[in-house]
Amino acid sequence: MNAYVKHQVEPIVRSNLDFKLNEVPRFWFDGDPFKTRMFDALSLTFPVGERYFIQSVRALRDKIVDADLQQRVTDFIKQEAQHGLAHDKMNDEMKRQGMPVDQFIEYLGGHFEYVLKKRSKQYNIAMTAAAEHLTALMAETFYSQKSTLSGVHPFVRALFAWHSIEEMEHRDVAFDVMKNVGEVPENLRKFALAYTTLLMFGFTFYRTNVMLKHDGFSITQRLKMSVTGLPWFIGKNGTLTAMRGQYLDWFKADFHPSQHPVIRQYETWVDTLAETNDPIAAGEAFWQAAQ
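Given the structure is predicted, the values throughout are model-derived calculations rather than measurements.

Peer 1: Can you break down the packing of helix H5 (residues 121-143) against helix H6 (residues 154-169) residue by residue, with the values?
Peer 2: Taken N-terminus to C-terminus, the directions of H5 and H6 make an angle of 130°; their axes are 9 Å apart at the nearest point. With respect to H6, the element H5 is oriented oblique. As for how H5 packs across H6, the hand of that crossing is left-handed. Judged by residue contacts, Glu132, Thr135, Ala136, Ala139, Glu140 and Tyr143 of H5 engage Arg157, Phe160, Ala161, Ser164, Glu167 and Met168 from H6.

What follows is the structure in structure tokens.
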């Protein structure tokens, strides 16, 4: 493996954070139904998805002999569990708005249950490590520029800021489990990111359309929203398109997540939370400190 500079921060377990999600308006992203529901559709997968990640890592835990990696796995599991609880609350707000959250969760839960039973431990840890790479990149992409989330309600922006911070803190845990004890072939590792990306965004686009339908928008209105809104995410100069360089690094033979720097204003969030014990204030400071 080629030498590289490692950019790492230690996972810290934080619990009982209140983001006051019951005070957030229906269309919390600049009043835009499409952008709001795209993020909602992504968010609602987190509780069941992160439980899958935990199970994938736990399935290989008894093979880990390195004490440091064992501790990082413990913290990873605790952090992911807290993420699930927080996004459960966001899901509850979507249910209150009449969204078919339970149907989505039931389908996803069935999917993850199937792959845990029918696919190998190698497959599941590869998919988990790939998903962690993807979510860590999204965290960096959404918060590196202040303008990106300027129209987002501060409480939701704070929720995603906290989640982003912890994704950066444990972004390499599943990867290290995969590399150290997973016995995952290189072709499976590379396939996992491509397939995870297809599944994640395919499901997200589908759920967005269904949620907008439940909001009362006609098929014509939804098509217009998609044509107008999708370029913000994946157009030539789209927000997610901007992460393609770091995304493609995954396919290099000597890749490791810690090759990528931690977001510049990471310490701002950590210090503000320590000073105020207020995750909303920390999220606001984190966002304000972006470029």
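Peer 1: Break down the packing of H6 against helix H12 (residues 279-288) for me, citing the residues and quoting the values.
Peer 2: At a minimum axis distance of 8 Å, the contact between H6 and H12 shows a crossing angle of 80°. On the basis of their axis angle, the class for H6 and H12 is roughly perpendicular. Where H6 approaches H12, its residues Pro154, Phe155, Arg157, Ala158, Ala161 and Ile165 are matched on the opposing element by Pro279, Ile280, Gly283, Glu284, Phe286 and Trp287. Split by residue class, the contact of H6 with H12 holds 9 nonpolar, 1 polar and 2 charged.

Peer 1: Mind laying out unusual backbone geometry, listing which residues take part and the relevant values?
Peer 2: Positive phi values are uncommon outside glycine, yet Asn16 reaches one of about 60°. On the secondary structure map, Asn16 appears in the segment before helix H1 (33-43). Overall, Asn16 belongs to the exposed group, its relative accessible area being 74%. Although it is not a glycine, Asn277 adopts a positive phi angle of roughly 55°. With respect to the secondary-structure elements, Asn277 resides in the loop between helix H11 (266-276) and H12.

Peer 1: Lay out the packing of aromatic side chains with the relevant residues and their values.
Peer 2: One pass over the full model with this rule turns up 23 aromatic pairs. A ring pair is formed by Phe201 and Phe205, whose centres lie 6.4 Å apart and whose planes are at 35°; its orientation type is tilted. Pair noted here: Phe201 and Phe205 are both in helix H8 (residues 186-214), with a separation of 4 residues, about one helical turn. Each residue in the set Trp28, Phe29, Phe34, Phe39, Phe142, Phe160, Trp232 and Phe233 is aromatic and connected to the rest through ring pairs, giving one cluster. Over the face of the ring belonging to Tyr123 we find Arg119, whose NZ or CZ atom lies 5.8 Å from the ring centre. Taking the ring centre of Trp250 as reference, the NZ or CZ of Arg189 above it sits at 5.2 Å.

Peer 1: An account of the environment of Pro47 is requested, with residue identities and associated values reported.
Peer 2: The residue Pro47 is located in helix H2 (residues 46-58) in this model. On the basis of relative accessibility, which here comes to 2%, the residue Pro47 falls in the buried class. Each residue touching Pro47, except ones within four places of it in the same chain, is listed here: Gly84, His87, Asp88 and Asn91.

Conventions adopted
- Residues numbered from 1 in each chain as written.
- Predicted model: local features only at pLDDT ≥ 70, side-chain atom pairs only at ≥ 80, totals over all residues.
- Heavy atoms only, no water.
- Axes fitted to C-alpha atoms, helices over the stretch in contact; angles between N-to-C directions.
- Helix = DSSP H or I, 4+ residues; strand = E, 2+ residues; numbered from the N terminus.
- Parallel < 35°, antiparallel > 145°, perpendicular 65-115°, else oblique.
- Left-handed = near helix turned anticlockwise from the far one by under 90°.
- Contact = heavy atoms within 4.5 Å.
- Nonpolar A, V, L, I, M, F, W, Y, C, P; charged D, E, K, R; others polar.
- Buried < 20%, exposed > 50% of the residue type's maximum accessible area, 1.4 Å probe, protein only.
- Phe/Tyr/Trp six-rings, centres within 6.5 Å; stacked < 30°, edge-to-face > 60°.
- Lys NZ or Arg CZ within 6 Å of the ring centre and 35° of its normal.

Distances and angles like these do not, on their own, reveal function.
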